[in-house]
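A closer look at the structure
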Amino acid sequence: MSALPYFFEPTIQQSSTHFELSEVTSKHCIQVLRMRAGESLHLTDGIGNLYTASIVEPDKKKTVVKIELVVHTPAPTKNVCIAIGLLKNTSRFEWFLEKATEMGVTKIVPLICERSERSNLKGERMRGVVVAALIQSKQTWLPVLSEPITVAQFIDIHPSDQKLIAHCEEGNKTTLNDIPNSNDTSILIGPEGDFTPSEITLAIDAKYTPVSLGETRLRTETAGMVAAALLLYKN
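Heads up: these notes are all about the structure in this document. These numbers come from a predicted model, not from an experiment.

On to the overall build of the protein. Assigned secondary structure in the protein consists of 6 helices and 13 strands. Across the 235 residues of the protein, 46% fall into the buried class. Within the protein, residue pairs in contact and separated by at least 24 positions form 73% of the contacts whose partners lie at least 6 positions apart. On the protein, roughly 12,200 Å² of surface is accessible, and the fraction owed to carbon and sulfur atoms is 50%. Side-chain charges in the protein split into 24 positive and 27 negative, and the spacing between the mean points of these groups amounts to 5 Å.

See the structure below:
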């Protein structure tokens, strides 16, 4: 049996017995997949719930489904927040968002750094990338995607049990592999051109531990992925 079609519907409620699909989901079900009454699909609200539903009123704009089953997945026990410098090349940043979502990063914060060549983000488009990756990887927890903020703002408002900064400047740094395992970690990843010395000093003064991601100099989005992999899968 093939897997059921999978969709994101953030307004669905656990108490729902019936639910009207969004126009986007309705159109995909009825016009693209040619689904009919009685056929089943999966829905998630992005906060841990997976709904199995069946179509009762097919319509290309407002399909109604009956909720047959709700299964809740507990929130991830390992919280990893990647605060990463905005990239001039939007497609490279979208690639990072997609892969970080697939891997299970819990929060992504775009950073406006002193050397950033971009200070804004098309929020709706970026959220769409994250949602598409959630659907593709069939997860039930949608990562939090923050609005862009400065390094100083992030340091001020985002506490974590373990706080790290990856940079390319000389100095004492711990290899990320050697960092103790933690269930609540934030890591700062710089933009093209790296963090400035003042940004690095600001983070270190705020008790961020400088870390190395390896011997080679990585692109920003690659550094973000390496950090995510090492932190998420550390035993």
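Another aspect to go through is helix H6 (residues 220–232). Taking 1.5 Å as the rise per residue, H6 with 13 residues should run 18 Å; its terminal C-alpha atoms sit 18 Å apart, in good agreement. Those residues of H6 lying buried are Thr-220, Glu-221, Ala-223, Gly-224, Met-225, Ala-227, Ala-228, Leu-231 and Leu-232. Buried residues along H6 sit in contact with strand E6 (79–85), helix H2 (90–103), strand E10 (162–166) and strand E12 (184–189).

Here we take up the layout of surface pockets. Within this model, the largest pocket holds a volume of roughly 400 Å³. Around the largest pocket, the lining is made up of 23 residues, and of these His-167, Cys-168, Thr-216, Arg-217 and Leu-218 lie nearest the centre. For the lining of the largest pocket, the elements supplying multiple residues, two or more each, are strand E13 (209–212) and H6. Among the residues making up the lining of the largest pocket, the classes are represented as 8 nonpolar, 7 polar and 8 charged. Lining the second largest pocket are 13 residues; nearest its centre among them are Phe-8, Val-24, Thr-25, Val-131 and Ile-135. Secondary-structure elements contributing two or more residues to the lining of the second largest pocket are strand E1 (6–8), helix H1 (23–32) and helix H3 (123–137). If one sorts the elements of the lining of the second largest pocket by residue count, H3 sits on top with 5 residues. Residue composition of the lining of the second largest pocket, by class: 7 nonpolar, 4 polar and 2 charged.

Okay, the environment of Gly-193 next. Summarising the element assignment, Gly-193 is placed in the loop between E12 and helix H5 (197–205). When neighbours within four sequence positions are excluded, Gly-193 is seen to be in contact with Arg-115 and Arg-217.

Those residues of H1 that fall on the buried side of the exposure criterion are Thr-25, Ser-26, Cys-29 and Ile-30. Looking straight down H1, one finds that the buried residues subtend no more than 110° of arc, so they occupy a single side. Of the residues in H1, the exposed ones pointing more than 90 degrees away from the buried face are Val-24 and Val-32. Looking at the buried side of H1, the elements it contacts are E1, strand E3 (40–44) and strand E4 (49–57).

Looking now at the packing of H2 against H3. Relative orientation of the contacting elements H2 and H3 amounts to 35°, with a least axis distance of 8 Å. Here H2 runs over H3; the crossing is right-handed. Taken together, the residues of H3 that come into contact with H2 (itself represented by Thr-90, Phe-93, Glu-94, Leu-97, Glu-98, Thr-101 and Glu-102) are Arg-125, Met-126, Val-129, Val-130, Ala-133, Leu-134, Gln-136 and Ser-137. A per-class count over the contact of H2 with H3 returns 7 nonpolar, 4 polar and 4 charged.

Alignment of E6 against strand E7 (residues 107–112), held across 5 bridges, turns out to be parallel. Each bridged residue has a counterpart across the sheet, and for Gly-85 the counterpart in E7 is Leu-111. Once the chain exits E6 it traverses H2 before rejoining the sheet at E7, and the crossover so formed is right-handed. The pairing of E7 with strand E8 (residues 144–145) spans 2 bridges and is classified as parallel. Paired with Lys-107 across the strands is Val-144, a residue of E8. Taken together, E7, H3 and E8 form a β-α-β motif whose crossover is right-handed. Where E7 lies against strand E9 (residues 149–150), 2 bridges are found, and the strand directions are parallel. Among the inter-strand pairings, Ile-112 is bridged to a residue of E9, identified as Thr-150.

The rules behind the values
Residues numbered from 1 in each chain as written. Predicted model: local features only at pLDDT ≥ 70, side-chain atom pairs only at ≥ 80, totals over all residues. Heavy atoms only, no water. Helix = DSSP H or I, 4+ residues; strand = E, 2+ residues; numbered from the N terminus. Buried < 20%, exposed > 50% of the residue type's maximum accessible area, 1.4 Å probe, protein only. Contact = heavy atoms within 4.5 Å. Areas by Shrake-Rupley, 256 points an atom, 1.4 Å probe, with all protein chains shown as cover. Lys, Arg positive; Asp, Glu negative; His and termini not counted. Charge placed at Lys NZ, Arg CZ, Asp CG, Glu CD. Expected span 1.5 Å × (residues − 1). 1 Å grid on protein atoms, 1.4 Å probe; cavity = no way out; pocket = protein on both sides within 12 Å on 5 of 7 lines; lining within 4 Å. Points joined across faces, edges and corners; volume = space filled by probe spheres on them. Nonpolar A, V, L, I, M, F, W, Y, C, P; charged D, E, K, R; others polar. Arc of directions from axis to C-beta. Axes fitted to C-alpha atoms, helices over the stretch in contact; angles between N-to-C directions. Left-handed = near helix turned anticlockwise from the far one by under 90°. Pairing = 2+ DSSP bridges. Right-handed = clockwise from strand over helix to strand, strands pointing away.

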